[in-house]
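# Coordinate inspection notes
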Amino acid sequence: MVHSCGQQIPAWVYVGSLLFCISFNSFTVRGAPVKQEVLDNGATVLNHSMSLVHRMETLLAMGNGSDVTLRVQTVDTDEVKVIQAHSLVLTLQSDVFEELLVNRNNSAVVLMETANCAAVFDKFIRYLYCGDISIRLDQAIYLHKLASKYHVWGLQQGLTQYMTQHLSSDSPTGHVVSWYNYALQIGDTTLRDSCLLYLSWNLSSVLQSKEWGSISEDLLLSLLQRSDLILQSELELFEAVEAWVSLNQPVTATVETALRAVRYGMIPPHHLFRLQKQSLLLIKYYESIRDLLYLAFQFHSASPIQLAKYFDVNCSIFTPRNYLSSSWGSPWVINSPTRDDRSFSFQTQLGPSGHDSSKRVTWNALFSPRWLPLSARSSYTELGAMQPTRTEAGHPRIIVTPATSSPDFAGVSFQKTVIVMAKQQGKVVVRHVYNFHQSTEEAGDFLVDADLQRRSSDYLIDSSLYLHIVIKPLYHTLLVARK
């Protein structure tokens, strides 16, 4: 309808049993907005699903037409929560509810839940009606338990994804360790591995948190066996183990196993001397690790090549982890990484042995935002001429090479680790880790999935690429690092 002065006014139209108000090409269903989508075949879809969700939520809240009463009783208490529900909705969403309703003797179904699960049961039932749910970090495990118990697989998968994406979120006492323990308990390997990787890659921050004291003996020993831990130094790890033992007071066997997993060869000798005299834990358990300390001092006093003639150096005590201290590598912030190629130089110690620690190696790093063909590499091997030809296609690449060769390199290979940082839930965390060896100049899969063109890319912090390059000197028998 059109007003006499040409102004369009609303017209009410019935489509089926629904009353639509048409005005300026926008639609409402009794006051609720209707989305329109034009398909490729020219048909138009009128979508009022939000109105339907609202009606379902109201149906649950009011209990209109309810044909089943859920009595949610908290275990070991007299507390009971009563929910008026609808068997059609419950059976459509859960085969467990379907079986319970088929076998019921009356209109009420009694459900026994723990206090934490009972506290979020309203949220769980609402999800069955509306298909969406609001979650807090401290509710995730209990909602996941309910989704698993009642076979609501979509919610279960969504919660697993939520937890893997919120490992870095802040919480008063931490949540990653409890999520790891829960994943281990239910056999969720995806969540378990995600939690373990987060703890390994962000160990320095974990060691400083309240969460460190809550880790289990098994998780502690599992972490200590890994070579991919990212932390400041091995000394930091020893001090964290000392704090954990003081707080948890485990049995002697656990303490001895933990102390023997520390890589004393990676701790400078002046710190080892201090620990022998000042660490109450080391003094108490000295006899249990004396052989390792003796081997570490020998490692620091002789050349690694000489040591290898008499001892088996193919063991974890001589294998570095990913240390962030300056003697092992350097951070590198690349502003506007898609703009052009960048070069960077830094120095590291030749090796972790005290015999080599005073010898320095200069490294040249080149970052290219696009693939660099082999034929173009000669254009940047000369000092000061690191501007290779680039192609428009391809992925970012990074190349890390020593500036010069040296006879001191004999018997030593270098594993290069490039750590990519990112900001998640407002916290800077490790986003990805790339490893490559001396035999290969570059990491071929480096940032292969990153879209650096987007300012909001998950790999960028304030439009910059935050890297940390770690050089891990290894001896030929240690080329494959143990975890």
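The structure this text deals with has already been given above.
Overview of the structure. Residue indices follow the written sequence of each chain, beginning from 1 at its first position. Where local features are concerned, this predicted model is filtered to residues with pLDDT of at least 70; where side-chain atom pairs are given and counted, the filter is 80 or more; whole-chain, interface and lining totals use all residues. For side-chain calculations, the full set of non-hydrogen atoms in the structure is used, while hydrogens and water are omitted.

## Describing the layout of surface pockets
Heads up, the condition is: Put plainly, a pocket is an open set of points on a 1 Å grid over the protein atoms alone with protein on both sides within 12 Å along at least five of seven lines, a cavity is a set where a 1.4 Å probe fits but cannot get out, and a lining residue has an atom within 4 Å of a point. Grid points are joined across faces, edges and corners, and a volume is the space filled by probe spheres set on the points. Where helices and strands are cited, they refer to DSSP runs of H or I of at least four residues and of E of at least two residues respectively, numbered from the N terminus. Under the scheme applied, nonpolar residues are Ala, Val, Leu, Ile, Met, Phe, Trp, Tyr, Cys and Pro; charged residues are Asp, Glu, Lys and Arg; polar residues are all the others, including Gly.
Within this model, the largest pocket holds a volume of roughly 350 Å³. Along its surface, the largest pocket is lined by 15 residues, and Thr164, Trp201, Gln424, Val430 and Arg431 are the ones closest to its centre. Only α7 (153-165), α9 (189-201) and β16 (427-437) provide two or more residues apiece to the lining of the largest pocket. Split into classes, the residues belonging to the lining of the largest pocket amount to six nonpolar, eight polar and one charged.

## Things to note about the nonpolar core
Condition: What we call a nonpolar core is a set of buried Ala, Val, Leu, Ile, Met, Phe, Trp, Tyr and Cys residues that are connected through their side-chain atoms within 4.5 Å. The cut-offs for exposure are 20% and 50% of the maximum accessible area for each residue type, with area from a 1.4 Å probe on protein chains only; residues under the lower value are buried, those over the upper are exposed, and the others partly exposed. Here the bounds of each domain stem from an automatic or database domain assignment. A contact between two residues is defined here by any heavy atoms of the two lying within 4.5 Å.
Among the nonpolar cores identified, the biggest contains 95 residues, and Trp212, Tyr264 and Leu447 are the most heavily contacted of them. Per-domain counts for this core show at least three residues from each of domain 1 (50-166) and domain 2 (323-372 + 394-475). The residues touching Leu447, leaving out its near neighbours within four places in the chain, are Phe367, Pro396, Val420, Tyr434, Leu452, Tyr459 and Leu465. Listed in part, the 31 residues of the second largest apolar core include Val53, Val89, Val109 and Ala147.

## Some details on the packing of helix α11 (residues 217-224) against helix α13 (residues 252-260)
We count it as follows: Orientation is described by axes fitted as lines to C-alpha atoms, over the contacting stretch for helices, and by angles from 0 to 180 degrees between their N-to-C directions. Reported orientations rely on four angle classes, namely roughly parallel under 35 degrees, roughly antiparallel over 145, roughly perpendicular from 65 to 115, and oblique for the rest. For a crossing to be left-handed, the near helix must be turned anticlockwise from the far one by less than a right angle; the clockwise case is right-handed.
One way to put it is that α11 packs onto α13 with a least axis distance of 9 Å and a crossing angle of 20°. Considering the angle they form, α11 stands roughly parallel to α13. The chirality of how α11 crosses α13 is left-handed. Residue-level inspection shows Glu217, Leu220, Leu221 and Leu224 of α11 in contact with α13, the latter providing Thr254, Thr257 and Ala258. Of the residues belonging to the contact of α11 with α13, the class tally is four nonpolar, two polar and one charged.

## Considerations on the pattern of salt bridges
Spelled out, the test is: Should a side-chain nitrogen of Lys or Arg be within 4 Å of a carboxyl oxygen of Asp or Glu, the pair is scored as a salt bridge.
Summed over all chains, the structure comprises 15 salt bridges. Linking Lys427 and Asp170 is a salt bridge whose minimum nitrogen-to-oxygen distance equals 3.2 Å. With a gap of 257 residues between them, Lys427 in strand β16 and Asp170 in the loop between α7 and α8 (176-186) connect regions that are remote in the sequence. By relative accessible area, which is 59% here, Asp170 ends up exposed. Linking Arg321 and Glu234 is a salt bridge whose minimum nitrogen-to-oxygen distance equals 2.9 Å.

## Here we look at the sheet that holds strand β6 (residues 68-74)
The condition is simple: We treat two strands as partners when DSSP finds at least two bridges between them.
Spatially, three strands are ordered β7-β6-β8 in an open sheet, and the strand pairing comes out mixed. Unpaired on one side and paired on the other, β7 (80-85) and β8 (108-113) mark the two borders of the sheet. Across the sheet, the mean angle from the axis of one strand to that of its neighbour is 20°, orientation sign disregarded. Pairing of β6 with β7, which is carried by six bridges, proceeds in the antiparallel orientation. Bridging from a neighbouring strand, Leu70 pairs with Ile83 of β7.

## A look at the sheet that holds strand β14 (residues 397-402)
The strand order across the open sheet formed by three strands is β12-β13-β14, and the pairing between neighbours is antiparallel. Every interior strand has two partners, whereas the edge strands, β12 (342-349) and β14, have only one. Within the sheet, the average angular offset between the axes of one strand and its neighbour, ignoring direction, is 20°. Sheet analysis places strand β13 (residues 360-368) next to β14, joined by six bridges and oriented antiparallel. Residue pairing for β14: Ala365 is matched across the bridge by Val400.

## Quick look at a nonpolar patch on the surface
For clarity, the threshold we go by: A residue counts toward a patch only above 30% relative accessible area and without a salt bridge, and it is joined to like-charged neighbours within 9 Å or, for Val, Leu, Ile, Met, Phe, Trp and Tyr, to nonpolar neighbours within 5 Å. A 1.4 Å probe and the Shrake-Rupley method give the accessible areas. Residues count as covered only by the protein chains that appear here.
A surface patch of nonpolar side chains, amounting to about 240 Å² of accessible area, comprises Val75, Val110 and Met112. Of note, Met112 is situated in strand β8. Residue classification places Met112 among the partly exposed positions, given a relative accessible area of 42%.

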